Amino acid sequence: MHDESQILGYQPGNSFIYQLNATTKLVFMLLVSIACMITYDTRFLIAICVLSIFLFKEAKIKWSQISFIVKLIVAFMILNLIFVFIFQPSYGESIYYSKSILIHAGYFTLTLQEVFYLFNLFLKYVCSIPIVLLFLLTTNPSQFAASLNKIGISYKISYAVSLALRYIPDIQNSYWDISAAQQARGIELSKKASLGKRIKGTLNIIMPLIFSSLERIDAISTAMQLRRFGSKKKRTWYVTQSFKKEDYLVMIAAVILVLIVIVLWQLNHGRFYNPFI
Amino acid sequence: MKNTGLSVKNVVAIGIGSAIYVILARFTSIPTPIPNTNIELVFPFLALFAAIYGAKVGFIVGFIGHALSDFIMYGQTWWSWVLATAILGWIIGLAAKQLDLKNGIFGLKQTIIFNIVQIIANIIAWVVVAPIGDIIIYSEPANKVFVQGISATLSNGLTIMIVGTLLLKAYADTKIKKGSLRKED
Amino acid sequence: MTNTIIEFKDFSFQYDSQAEPTLKHLNLAINQGEMLLIAGPSGSGKSTIGHCINGLIPNIDTGNITGECIINGKNIQETNLFDLSFITSTILQDTDSQFIGLTVGEDIAFALENDCQPQNRMKQIVHRWADELGIEHLLKQAPQNLSGGQKQIVALAGVMVDESPILLFDEPLANLDPASGMKTMALINRIQKELNATVIIIEHRLEEVMSQPLDRVILVNDGKIVADKTPNDLLHNNLLEKNGVRNPLYLSALKKAQIDLNQIPDLTSVNALPDDREIARKLQNWQDKITITGEKEETHSLLELKGVGHRYNKLQVHPLHDVTTTINQGDFISIVGQNGAGKTTLCRIICGFISNEGLISFNGDDLKQYSIKERSDKIGYVMQDPNQMISQKMIFDEVALGLRLRGYEENEIQTKVYETLKICGLYPYRHWPISALSFGQKKRVTIAAILVLDPELLILDEPTAGQDWQTYTEIMNFLKQLNQQGKTIMIITHDMHLMMEYTNRSLAFAEGTLIADTDPIKLLTEKALIKKAALKRTSLYELAVKYRLKEPNTFVRAYIDAERDEKHA
């Protein structure tokens, strides 16, 4: 009930991407993320970036739904790039085996190679974000657990994820209730208070939150056992959807992307695409 | 971590633990005067959960909790750091048997064991797992990621030492037997 | 021929964690198709009996068993929990823990999923039961969007899919408003008839459960069966109050009027009582004898609300809006109405936890200028669940917390804390850890922790929910005492008799609107209001109507005044 707009979550819709099976979307997201993790090939990363933005347009998601998160990530990204540069401004040269100086500044001498490296790092971080956001915004959380189970994760862990999604809103409400009640007692959480006081104050919220949750764990596990959770080696899912032609096509596309990355690795003799030699 | 022997209680502990992780990661990060360093009260919580429910639960709560909170807050996960959090929960959970919190005893001996284990866990998580992950996945310069790792070890280790010890003590205290108490006028 | 489905033979059980056996030499046989109530105070062992019937004992709650417990031909010591779950279906008290699916449909299907049923079959069964119980339209809803009564029905549907022969309800009425409670009872009765299931209800609220016909009542106290009788025999026997279970109100009223209950053949409901002029005359006489204490004199206003409201999000259908009223110094106010009507929201607004659309002034000061902390010096708020308030280990520290944070001297703190602990009856426990206290005592610790700050107005969210009669009386008498000492008190409650007995003014809410602000007894006069706010008349009123007493309301008032006099004599 507080700041809900700042937390990402499923928002119903009916474009093409909503029709896809949750498992398909999960596989696609994971494979593309892995592909982007492995490669440093600039051309591939740009291609994924373009694809992501295209899919985003296709899903008809509004900018306002995600603007907050995107700003946050870009800010984080820039900070990270600055750190990478400060710690080792010559890192680019050692990767691309060449040195074209742009600005002379002693230790902080900026080379074209460093700029190119930072650009790639930025792309790598950014290119898969729209796909992940897309997954979050278009996948009904009910189907998430079932699809985890389908890609081979044990059903117990899959269900634990489902439980987490089920109880996040409840625990968030408890958190705010406890927080308000403790503020009424006089704990100080505002930025004015000293660090020690803020930690102590927050601890006064965390303790009741954790200890009341521990009791809840006992109650929920009793309720689940009385309804035979864990009695068999597997379980079925009320919400599973069957696969359609589109689903297979999308998954094949994801596999092809991974194959491309492997081919690129061969062509580039490694993960970096080097335009300097 | 293929877990066939996960009890129903552990499954629920993972679910609720991950939910609490997400909420604490989001709302209880306290900025310090040192730039870019926050006190993350979610780690003492993870330490408590691992110490109560053991290594498996510690690992999975760290993994799911961190991954979910990254997803929900940023729409992106930093897998190397997710794995590091999971390892932190796993190593602290290994000491669960020695600590035996359910008996209600958390004295000097247990405090020392807990803190030695948590410091080792922090070092392995932030100075070994996370930086190596960053180097492998993102090819970031080694000195940058190790300095980041060391600063995370210091802040998280210190937070767990102070707040985590307090939490464990408070938990052990809830297990006190009633027999020893007497009314006073 | 009757078929015994549950049998306890000289059965005793001692939890591993406890020094004394909880159940002692129990002998009990329950027949297929019976509908029965197990009643008793907290700690009597009634829930432990339930845990034997659904197999939690000895599978989860370990302990030492002597004697035998046979459920549908199976000894519980030789049967695992999963096999037993096909025989006994359990509906737990805490619906938020029972409801584990992300949506209603998934939750109903949960047991079927665990049995590896194919999807099309699950859909079929889920729709059948959802339709049967009238929740078809809710299938895609998340638990956060349901009321307490709706969650209970979902919980019922979730176990009905098993079609097991025994249905076990653990305190099904604890968290429901009166109207939902009645609906739930009627639903249980209907299901029982349709399936010829054996229904076992564990409750301490006897009168509400008896709104439906029961075959038997088992009264339990201190681990033993005190009575195993038909409801009618039990009511004739005068055993209830001795064993910590409240008598139905109409019976207490008959007794007060000195009517010999043994002369009345059927006591099970007001309707079943005989149309006897003699009874009517005695009741009327008694009513006329009681002198009704005068209304409280007007005092100055403490809290003024003007156009108060709050909207949580755009999707909310009935946000709290436009509440205008004045709370006077010394009032004892009950806030009533169905779940989700905005009762808690109002309290949160007053305390400053959430924003306010309107204006609130306290002793003439606009509250807008004050932070949560500053408001709490004037207004104290006690949450429903004490576990969500307690953050310290020791009782003393918990009560002292607010003072310490306000920078009081330690010796001054000690004086104030001790004083408060004495008022709350906790002084003998001052060096105890809170974890060693009972629920009722914990509740009093949280009240003490607020009281020590000396607020003029005290707000409590359902202070007696789920408590047995003794704890209920304890907490309410304590609040009454505080009120007489001059504190203004507001409580949220679902208990109609509590509202009439203890409070002098009621605010009733329905769908985000304040629909009545009046004397509690008058509130229960208007039929339309009762329906709108999901309230219920007590059996006292029905009794007065049945015997055509002059003024039903006056009779109710007379009863309550007599009750108060007895307690404070």
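Cut-offs and rules
Residues numbered from 1 in each chain as written. Chains lettered and ligands numbered in written order. Predicted model: local features only at pLDDT ≥ 70, side-chain atom pairs only at ≥ 80, totals over all residues. Helix = DSSP H or I, 4+ residues; strand = E, 2+ residues; numbered from the N terminus. Rg over C-alpha atoms; globule rule 2.2 N^0.38 Å. Buried ≥ 20, exposed ≤ 12 C-beta atoms within 10 Å, placed from the backbone. Contact = placed C-beta atoms within 7 Å. Pairing = 2+ DSSP bridges. Axes fitted to C-alpha atoms, helices over the stretch in contact; angles between N-to-C directions. Parallel < 35°, antiparallel > 145°, perpendicular 65-115°, else oblique. Nonpolar A, V, L, I, M, F, W, Y, C, P; charged D, E, K, R; others polar. Domains from an automatic or database assignment. pLDDT = per-residue confidence, 0-100. Right-handed = clockwise from strand over helix to strand, strands pointing away.

**Points about the overall build of chain C**
Within chain C, the regular secondary structure consists of 23 helices and 20 strands. Over its C-alpha atoms chain C spans a radius of gyration of 25 Å, differing by no more than 12% from the 25 Å that the globule rule assigns to 569 residues. The dimensions of chain C, computed from C-alpha atoms along their principal axes, are 70 × 60 × 50 Å. The buried share of chain C, taken over its 569 residues, is 50%. For chain C, the share of sequence-separated contacts (at least 6 apart) that also reach a separation of at least 24 residues comes to 69%.

**A word on the sheet that holds strand E12 (residues 320-328) of chain C**
Residues and elements named next belong to chain C. An order of E12-E11-E14-E15 is seen for the 4 strands of this open sheet, with the pairing classed as antiparallel. Each edge of the open sheet is held by one strand with a lone partner, namely E12 and strand E15 (365-366). Alignment of strand E14 (residues 359-362) against E15, held across 2 bridges, turns out to be antiparallel. Bridge assignment links Phe-362 to a residue of E15, and that residue is Asp-365. Contacting strand E11 (301-310), E12 and E14, helix H13 (residues 343-351) runs over the sheet at an angle of about 115 degrees to E11.

**Overview of the packing of helix H1 (residues 8-27) of chain B against helix H2 (residues 42-53) of chain B**
Residues and elements named next belong to chain B. Running from N to C, H1 and H2 point in directions that differ by 170 degrees, and their axes come no closer than 10 Å. Between H1 and H2, the angle is such that the two are roughly antiparallel. Here Asn-10, Ala-13, Gly-17, Ile-20, Tyr-21, Leu-24 and Ala-25 of H1 come into contact with H2, specifically with Val-42, Phe-45, Leu-46, Phe-49 and Tyr-53. When its residues are assigned to classes, the contact of H1 with H2 shows 10 nonpolar, 2 polar and no charged.

**As for the pairing of strand E3 (residues 35-39) of chain C**
Residue and element names in this part refer to chain C. With 5 of 5 residues buried, E3 is to be regarded as a mostly interior element. Burial along E3 is two-sided: the residues Met-35, Leu-37 and Ala-39 and Leu-36 and Ile-38 are all buried. In this sheet, strand E8 (residues 198-202) lies alongside E3 in parallel orientation, the contact comprising 4 bridges. Within E8, the position partnered with Leu-37 by the bridge is Ile-201. Inspection of the sheet shows E3 paired to strand E9 (residues 216-221) by 4 bridges, in the parallel sense. Paired with Leu-36 across the bridge in E9 is Arg-216.

**Considering the domain arrangement of chain C**
All names here are of chain C. Here the domain parsing of chain C yields domain 1 (4-247) and domain 2 (307-542). For domain 1 versus domain 2, the separation of C-alpha centres amounts to 32 Å. If you list the elements that add at least two residues to the side of domain 1 that touches domain 2, you get helix H7 (148-160) and helix H8 (178-195). Per-element tally for the side of domain 1 that touches domain 2: the top contributor is H8, with 4 residues. Of the residues contributing to the side of domain 1 that touches domain 2, the split by class is 7 nonpolar, 8 polar and 4 charged.

**Things to note about the confidence of the model for chain C**
Residues and elements named next belong to chain C. Predicted confidence across chain C gives a mean pLDDT of 90, with 98% of residues reaching 70 or more. Across chain C, element-level confidence peaks in E8 with a mean pLDDT of 96 and bottoms out in helix H23 (residues 552-568) with 83. What the predictor reports for the complex is a pTM of 0.91 with an ipTM of 0.90.

**Some details on the pairing of strand E7 (residues 166-170) of chain C**
Moving residue by residue along a regular strand, the side chains alternate between the two faces of the sheet. Residue and element names in this part refer to chain C. Taking burial as the measure, the 5 residues of E7 include 5 buried ones, the bulk of the element. Where burial is concerned, the two faces of E7 agree: the one with Ile-166, Leu-168 and Asp-170 and the one with Leu-167 and Phe-169 are both buried. Where strand E6 (residues 88-91) meets E7, 4 bridges bridge the pair, whose relative direction is parallel. Following the sheet pairing, Ile-91 is matched in E7 by Phe-169. The pairing of E7 with E8 spans 5 bridges and is classified as parallel. Among the inter-strand pairings, Asp-170 is bridged to a residue of E8, identified as Ile-202. Considered for its hand, the β-α-β crossover made up of E7, H8 and E8 is right-handed.

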